[in-house]
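Topology and contacts: notes
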Amino acid sequence: MNGEEKVMDSVFQRLYTEYQQDVFQFLIYLVKNRDTAEDLMQEVFIRVMKSHQQFKGKSSEKTWLFSIAKNVAIDHFRKQSTIKKRVMEKFDWSKREIVADAPMPQEIAEQNEDIRKLYHCLNYCTTDQKLVVVMRYIQDLTIAETADVLGWTEGKVKTTQHRAIKQLRELMTNNREEEENSERVKMERSRH
């Protein structure tokens, strides 16, 4: 190993050690599957190794890593969408039962019922809203850092965040009302 390779190896090791958990959490909240998130995290760090020479330091390393992770996740979703289209074209799905996405990681579901419901409601948000909520509230990035990662203005981040929170509140309220109604029906049936 020459001197440049040793420096790159130590830089990569530091980035991996410092940020791998944050990147993994970010990906798992987006794809909701541990194995997929692990695969995507490997792809993120492969891209980091390939492109670290181009890192100019205009943003923090953390926002740079999240930008790469976001792009890897978007590429994954695009690929899944293409695969889904091909499968839909090939089969008559009206004659088959469609299986839902894999459930969220068990650790998330066990944390707290409201948090689990919130993550479920995130499925009904747009991709942009999901990205902003995960970056802002789960990864604790600032509005400026989130804008930097997404390549947006701070105003767009704030607007998207506002719309996401509004939508999540509505979804959570509707979810709570549905549960209360369901519970009431169960109680009435048990009385009869």
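Residues numbered from 1 in each chain as written. Predicted model: local features only at pLDDT ≥ 70, side-chain atom pairs only at ≥ 80, totals over all residues. Heavy atoms only, no water.

Things to note about the packing of aromatic side chains
Counted under the stated rule, the structure contains five aromatic pairs. Both rings, one in Tyr-16 and one in Phe-45, keep their centres 4.9 Å apart while their planes meet at 70 degrees; by these two values the pair is edge-to-face. One end of the pair, Tyr-16, is in helix H1 (residues 3–31); the other, Phe-45, is in helix H2 (residues 34–51), with 29 residues separating them in the sequence. Exposure remark for Tyr-16: the relative accessible area of 30% places this residue in the partly exposed category. Geometrically, the ring pair formed by Phe-55 and Trp-64 is tilted, given 4.7 Å between the ring centres and 40 degrees between the ring planes. Arg-136 extends its terminal NZ or CZ atom over the ring of Tyr-137, reaching a point 5.7 Å from the ring centre. For Lys-156, the ring lying beneath its charged end belongs to Trp-152, and the centroid distance is 4.3 Å. (Phe/Tyr/Trp six-rings, centres within 6.5 Å; stacked < 30°, edge-to-face > 60°. Helix = DSSP H or I, 4+ residues; strand = E, 2+ residues; numbered from the N terminus. Buried < 20%, exposed > 50% of the residue type's maximum accessible area, 1.4 Å probe, protein only. Lys NZ or Arg CZ within 6 Å of the ring centre and 35° of its normal.)

Describing helix H6 (residues 127–138)
Between its terminal C-alpha atoms H6 stretches 15 Å, which fits the 16 Å expected from twelve residues at 1.5 Å a residue. Most of H6 sits inside the fold, with nine of its twelve residues counted as buried. Gln-129, Lys-130, Leu-131, Val-132, Val-133, Val-134, Met-135, Arg-136 and Ile-138 are the residues of H6 that are buried. Just past H6, the residue Asp-140 takes up positive phi, approximately 55 degrees. (Expected span 1.5 Å × (residues − 1).)

Some details on helix H8 (residues 154–191)
Given a rise of 1.5 Å per residue, 38 residues ought to cover 56 Å, and the 55 Å separating the end C-alpha atoms of H8 matches this to within 8%. Three or more residues of H8 are buried, namely Val-157, Thr-160, Gln-161, Ala-164, Leu-168, Met-172 and Asn-175.

Some remarks on the nonpolar core
The tendency in soluble globular proteins is for nonpolar side chains to be buried as a group. Counting residues in hydrophobic clusters, the biggest one holds 46 residues, and the most contacted among them are Val-23, Phe-26, Leu-27, Val-44, Phe-45, Val-48 and Leu-65. Those elements that provide at least two residues to this core are H1, H2, helix H3 (61–90), helix H5 (113–122), H6, helix H7 (143–150) and H8. If one sorts the elements of this core by residue count, H1 sits on top with twelve residues. Setting aside residues no more than four positions away along its own chain, Val-23 makes contact with Met-41, Val-44, Phe-45, Leu-65, Phe-66 and Ala-69. (Core = buried A, V, L, I, M, F, W, Y, C linked by side-chain atoms within 4.5 Å. Contact = heavy atoms within 4.5 Å.)

Description of the pattern of salt bridges
The tally for this structure, following the rule as stated, stands at six salt bridges. Put simply, Asp-22 and Lys-62 hold a salt bridge, and the shortest N to O gap is 3.9 Å. Of the two residues, Asp-22 sits in helix H1 while Lys-62 sits in helix H3, which places them 40 residues apart along the sequence. For Asp-75, the salt bridge is made with Arg-47, and the minimal N-O distance between the two is 2.8 Å. Of this pair, Asp-75 sits in helix H3 while Arg-47 sits in helix H2, and the two are 28 residues apart along the sequence. (Salt bridge = Lys/Arg side-chain N within 4 Å of Asp/Glu carboxyl O.)

Points about the environment of Val-134
Assignment of secondary structure puts Val-134 in helix H6. Along the backbone, Val-134 and Phe-26 are 108 residues apart, and their C-alpha atoms lie at a distance of 6.7 Å. Every residue in contact with Val-134, bar those within four places of it in the chain, is listed here: Phe-26, Tyr-29, Leu-30 and Gln-139.

Structural notes on unusual backbone geometry
What is expected of a backbone is that most residues other than glycine have negative phi and most peptide bonds are trans. Of note in this structure, Lys-32 is not a glycine but carries a positive phi near 55 degrees. Mapped onto the fold, Lys-32 is located in the loop between H1 and H2. For Lys-32, a relative accessible area of 11% translates into the label buried. Positive phi values are uncommon outside glycine, yet Asp-140 reaches one of about 55 degrees. Of note, Asp-140 is situated in the loop between H6 and H7.

By themselves, these observations are geometric and do not establish any function.
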